[in-house]
Amino acid sequence: MHIPYFRPRRLRGSAEIRRMVRETKLSVDDLIYPLFVTYEDGKKEIASMPGQYQFSVELLVKEVQEAKSLGIPAVVLFGLPEEKDAVGSDSCNDGGIIQQAVRAVKQSVPDIMVITDVCFCEYTDHGHCGIIKDEQVDNDATLELLAKQAVSHAQAGADMLAPSGMMDGMIAAIREGLDESGFEHLPIMSYAVKYASAFYGPFRDAVESAPKFGDRRTHQMDPANAMEAIREATLDIEEGADILMVKPGMPYLDILRVLREHFDTPLAAYNVSGEYAMVKAAAQKGWIDEKAVALEMLTSIKRAGADLILTYFAKDAAKWL
Ligand code: PBG
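What counts as what
- Note that residues are indexed from 1 along each chain, following the sequence as it is written.
- Note on the predicted model: pLDDT of at least 70 is required for a residue's local features to be given, and 80 or more for side-chain atom pairs to be given and counted; whole-chain, interface and lining totals, by contrast, use all residues.
- As a rule here, side-chain values cover all heavy atoms of the structure and leave hydrogens and water aside.
- If a single non-hydrogen atom of a residue is within 4 Å of a molecule or strand, that residue counts as near it.
- Between N or O atoms, a polar contact is any pair within 3.5 Å; within protein, one atom must be a potential hydrogen donor and the other a potential acceptor, and residues adjacent in sequence are included only when both atoms are from side chains.
- Residue-level accessible areas treat just the shown protein chains as cover; the underlying method is Shrake-Rupley with a 1.4 Å probe.
- Definitions used throughout: a 1 Å grid over protein atoms alone; a cavity as a set of points that fits a 1.4 Å probe which cannot get out; a pocket as an open set with protein on both sides within 12 Å along at least five of seven lines; a lining residue as one with an atom within 4 Å of a point.
- To qualify as sitting in a cavity or pocket, a molecule needs more than half of its atoms within 2 Å of the grid points.
- Polar here means any residue outside two lists: the nonpolar Ala, Val, Leu, Ile, Met, Phe, Trp, Tyr, Cys and Pro, and the charged Asp, Glu, Lys and Arg; Gly therefore counts as polar.
- Only residues whose relative accessible area exceeds 30% and that form no salt bridge are eligible for patches; like-charged ones are grouped when within 9 Å, while nonpolar side chains (Val, Leu, Ile, Met, Phe, Trp, Tyr) are grouped when within 5 Å.
- The term salt bridge refers to a pairing of a side-chain nitrogen on Lys or Arg with a carboxyl oxygen on Asp or Glu at a separation within 4 Å.
- Relative accessibility decides the category of a residue: with a 1.4 Å probe and only protein chains considered, values under 20% of the type maximum give buried, values over 50% give exposed, and everything between is partly exposed.
- Each helix is a run of DSSP H or I of at least 4 residues and each strand a run of E of at least 2, with the numbering of both proceeding from the N terminus.
- Positive charges are assigned to Lys and Arg, negative charges to Asp and Glu, while His and the chain termini are left out of the count.
- Note that the charge is assigned to NZ on lysines, CZ on arginines, CG on aspartates and CD on glutamates.
- Grid points are joined across faces, edges and corners, and a volume is the space filled by probe spheres set on the points.
- Between any two strands, at least two bridges found by DSSP are needed for them to pair.
- Call a crossover right-handed when, viewed with both strands pointing away from you, the route from the first strand across the helix to the second goes clockwise.

> Would you mind going over the site of the ligand with me for this structure?
Looking at the ligand, there are 18 residues lining it, with K194, R204, K247, S273 and Y312 nearest. Within the contact set of the ligand, an oxygen atom lies 2.7 Å away from a side-chain nitrogen or oxygen of S273. Out of a free accessible area of 410 Å², the ligand has 100% covered by protein chains. Spatially, the ligand is embedded in the largest cavity. Across the shell around the ligand, the residue classes tally to 9 nonpolar, 3 polar and 6 charged.

> Is there a simple way to think about a nonpolar patch on the surface in this case?
Taken together, the side chains of L11, M20 and V21 define a hydrophobic patch exposed on the protein surface, amounting to about 310 Å² of accessible area. The class for L11 is partly exposed, based on a relative accessible area of 46%.

> Could you clarify how one ought to interpret the pattern of salt bridges in this entry?
Side chains that differ in charge, positive against negative, can pair when their charged atoms come close. One pass over the full model with this rule turns up 13 salt bridges. With its nearest N and O atoms 2.9 Å apart, the salt bridge here joins K302 to D30. Pair noted here: K302 is in helix α10 (residues 290–304) and D30 is in the loop between α1 (15–21) and β1 (31–38), with a separation of 272 residues, a long-range link. One network of salt bridges, in which partners are shared, links E63, E66 and K315.

> Just checking my understanding: could you explain a negative patch on the surface for this structure?
Residues E40, D41, E58, E82, E83, D205 and E208 make up a contiguous surface patch of negative charge. Mapped onto the secondary structure, E83 falls in the loop between β4 (74–80) and α3 (97–108). Among the residues examined, E83 registers a relative accessible area of 65% and is labelled exposed.

> Could you clarify how one ought to interpret the layout of surface pockets in this entry?
Where empty space is left becomes clear once a probe the size of a water molecule has been rolled over the atoms. Within this model, the largest pocket holds a volume of roughly 160 Å³. Taken together, 13 residues form the lining of the largest pocket, with N139, M166, D168, T218 and H219 sitting closest to its centre. The set of elements that each furnish at least two residues to the lining of the largest pocket consists of β7 (136–137) and α7 (227–239). The residue makeup of the lining of the largest pocket, split by class, is 4 nonpolar, 5 polar and 4 charged.

> Help me out: how do you make sense of empty space enclosed by the protein in this one?
Per the stated rule, a full pass over the model turns up 2 cavities of 30 Å³ or more. Approximately 110 Å³ is the volume attributed to the largest cavity. In terms of lining residues, the largest cavity is bounded by 17 residues, among which C121, S164, K194, F203 and K247 are the most central. Contributions of two or more residues to the lining of the largest cavity are made by β9 (189–194) and α6 (201–206). In this model, the second largest cavity occupies a volume close to 40 Å³.

> I would appreciate a short explanation of the pairing of β1 in the present structure.
One face of the sheet, then the other: side chains in a regular strand alternate in exactly this way. A large share of β1 lies buried, amounting to 8 of its 8 residues. Side chains L31, Y33, L35 and V37 project from β1 onto one buried face, and the interleaved I32, P34, F36 and T38 project onto a second face that is buried too. By the bridge criterion, 2 bridges tie β1 to strand β12 (residues 308–311) in an arrangement that is parallel. For I32, the partnering residue across the bridge sits in β12 and is L310. In terms of strand pairing, β1 meets strand β3 (residues 53–55) through 2 bridges, oriented parallel. Residue pairing across strands places V37 opposite F55, the latter belonging to β3.

> Quick question: what am I supposed to make of the pairing of β4 here?
Most of β4 sits out of view: 7 of its 7 residues are buried. Pairing analysis gives 7 bridges linking β1 to β4, with the strands arranged parallel. From the neighbouring strand, P34 faces β4, where its bridge partner is V76. Judged from the 4 bridges that link them, β4 and strand β5 (residues 113–118) form a sheet pairing that is parallel. Residue pairing for β5: V75 is matched across the bridge by V114. Between β4 and its parallel partner β5, the chain crosses via α3, and the hand of that crossover is right-handed.

Following this line, the structure appears as structure tokens:
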């Protein structure tokens, strides 16, 4: 019989030694908590995302306060406007929902990073991420408006902007718009590598942003592509992105790993609505252990290369860690 000389089990024998040799440590510092804000009063639970809500501005402030008291360093805000139109006007309006929310949060909870999602799909009546021409999202017409929206978020007091529309040249357009308006210090976290994913389903319920015709496959990436992720990320770095994001998270760990090996900028991963919904649903049925699965999932995302994780589990994770 072969007696093993190397015994990896020696380093697994107790909780203490496992703790000492653990390579990846998830921390509350890594978490970004996504939140939805609406014109309506009160809060309304999102059916496909148990435990997540559409908040009024007032209740949003309370939720951010709670996140802050749990040690979460940042929130990312998504707005549901009172009225949607063809060009998503509310998103660029100084009195718009996101601008109101940012001002209110910054006033009451000054020391938490407020990140805003910069896109049009929540604000347009057709649900697309920009201006429509001939049933297609017109890239360059959208760029101009994206810069306008970004400046408006900055003026309201946002600490970081997260453009998610996957328009070509969006980072350069936004960077230029910000710099011209005196916001050259404001960082951009680009949804650089964002796939056309079915995992966004519950989010589109949350912000009522499902496209009324067509889909997002002409601008978001094909889930089958990996090398293209390097090209997308390279372009965004050249255009001035400060942080690169991969989205979704768990089904795209290989992409995170590839980016980790190619880039030295901080990397974020978005543990999206569908990933959250699956864990919640299975846990409600008693089929999995929610806490163990959620923490394993977040640890795996970090192990794959993410420095930051946008996750609806942020509050839970902060309590569990
Ligand atoms: C676009 C945006 C989306 C998400 C974040 N920003 C939706 C989309 O591209 O359709 C999805 C997030 C999630 O699923 O949790 N503004």
